[in-house]
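Chain by chain, the residues run as shown.
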Amino acid sequence: MIGITATIPVEIIFAAGLRPVDLNNLFINSDQPKKLVSQAEAAGFSHSICSWIKGIYATVFNNDIREVIAVTGGDCSNTIALGELLARKGVKVTSFEYPFNRDREALLVQMEKLRESVSTTWSKIEAVKARLDRIREKLKRLDQLSYRKNVITGFENHMYLVSSSDFNGDPDEFEKNLDYFLIIAKNREPAKHEIRLGYLGVPPIFSQFYEYIESLNARVVFNEVQRQFSMPFEKKDILDQYLEYTYPYDISGRLRDIEQAIYERKLDGLIHYTQTFCYRQIYDIVLRETLPVPVLTLEGDRPGSIDSQTALRIETFVEMLKNLVE
Ligand code: SF4
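Please read these numbers as outputs of a predicted model, since none were measured by experiment.

> Explanation requested: the site of the ligand in the structure shown.
Residues in contact with the ligand, as listed here, are Cys 50, Trp 52, Ile 53, Asp 75, Cys 76, Asn 78, Gln 275 and Cys 278. In terms of residue class, the shell around the ligand is built from 5 nonpolar, 2 polar and 1 charged.

> It is not clear to me how the sheet that holds strand β5 (residues 195-200) should be interpreted in this structure. Could you clarify?
Each strand in a sheet pairs with its neighbour through backbone hydrogen bonds, running either in the same direction (parallel) or in the opposite one (antiparallel). Taken together, 4 strands build an open sheet; the order of strands is β7-β5-β8-β9 and the sheet is parallel. The strands lining the two open edges of the sheet, one partner per strand, are β7 (218-223) and β9 (295-300). Within this sheet the neighbouring strands show an average axis-to-axis angle of 30°, counted without direction.

> Would you mind going over the pairing of strand β3 (residues 67-73) with me for this structure?
Looking down a regular strand, the side chains alternate between one sheet face and the other. A large share of β3 lies buried, amounting to 7 of its 7 residues. Two elements, strand β1 (residues 2-4) and β3, share 2 bridges in a ladder whose sense is parallel. In the strand pairing of β3, Gly 3 is matched with Val 68. Strand direction decides the pairing type here: β3 and strand β4 (residues 92-97), joined by 6 bridges, are parallel. Paired with Gly 73 across the strands is Glu 97, a residue of β4. Of the crossover connections in this fold, the one passing from β3 over helix α5 (residues 78-88) to the parallel β4 is right-handed.

Cut-offs used in this document
- Per chain, residues are indexed from 1 in the order of the written sequence.
- For a predicted model such as this one, the threshold for reporting local features is a pLDDT of at least 70, and the threshold for listing and counting side-chain atom pairs is 80 or more; totals across whole chains, interfaces and linings nevertheless cover every residue.
- In computing side-chain values, all of the structure's heavy atoms are included and hydrogens and water are not.
- It suffices for a single heavy atom of a residue to lie within 4 Å of a molecule or strand for the residue to be listed as near it.
- Each residue gets one label: Ala, Val, Leu, Ile, Met, Phe, Trp, Tyr, Cys and Pro are nonpolar, Asp, Glu, Lys and Arg are charged, and the others, such as Gly, are polar.
- When DSSP finds at least two bridges between two strands, those strands are taken to pair.
- For helices the rule is a DSSP run of H or I covering at least 4 residues; for strands it is a run of E covering at least 2, with both sets numbered from the N terminus onward.
- Between N-to-C directions, angles cover 0 to 180 degrees, with each direction set by a line fitted to C-alpha atoms, over the stretch in contact for helices.
- The classification of residues rests on relative accessible area computed with a 1.4 Å probe and restricted to protein chains. Under 20% of the type maximum is buried, over 50% is exposed, and intermediate values are partly exposed.
- Handedness is read with the strands pointing away from the viewer; a crossover is right-handed when the path from the first strand over the helix to the second is clockwise.

In structure tokens:
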């Protein structure tokens, strides 16, 4: 088992016969994510460090993970220090950096370094890529069922797409579940929610988020970053695939992707989720200034159900959109 702090070219990990585990998913889907944050604070993490970082730290030790790939470029600067701390505690840490300027050669160097560190070959990586591409294609179908046929909830869309960062460590099992789910979903009656929303930013730390939105007669039909994790780009070349991935690079790629989704998915509004103490909050200014539909910015800190103030803000936003589309 090899922990990953963010989406990386998992094809390389699977090709080496290893099982990648997205530490974010393991943290937030654990029985008591709040307790993990508290554990990290008891170990010395300050309150002013993002909860995802604290959750990842505690998750590593609670699951006896001995090896971690830390994404130190293109994801989160906190991961640099987190990686060093884990290494001092005896975890084997390998860093992976997405080049901010999307430089092809620089990305190749990083992938080559990762390949060498896990001792695998490019031919095995290509074979795994072809295998995962078939699953990515099915995830693309799932996403299309969300916004074209309206038969998939915002949470289901989120859950399948967010899990494609590591395919739950087992692509065969993942695909089996996905196939079964697609059969069930295709036979559902389409939902008739009045308002269509897009969700931007890192996955929510809240629980019951999508369910609450649906209780207001609205539905998320675009999960921006989660969809990026699923890499629905249909690129033959693995380098092209990871260059197309918008999240680690400058905001222009994200803006193009979101604008296309607004048009294609007929979005009435966007919810931009920001994490307390995260530098990515600054992007909120750019998103609000650029995007052509109303944007509600939410901020979440610790795991748990959405608080009453956040719930009220979502309700008011949805009501405002209902008035606009009438
Ligand atoms: S939410 Fe922001 S601060 Fe927290 S881990 Fe992600 S990028 Fe880093």
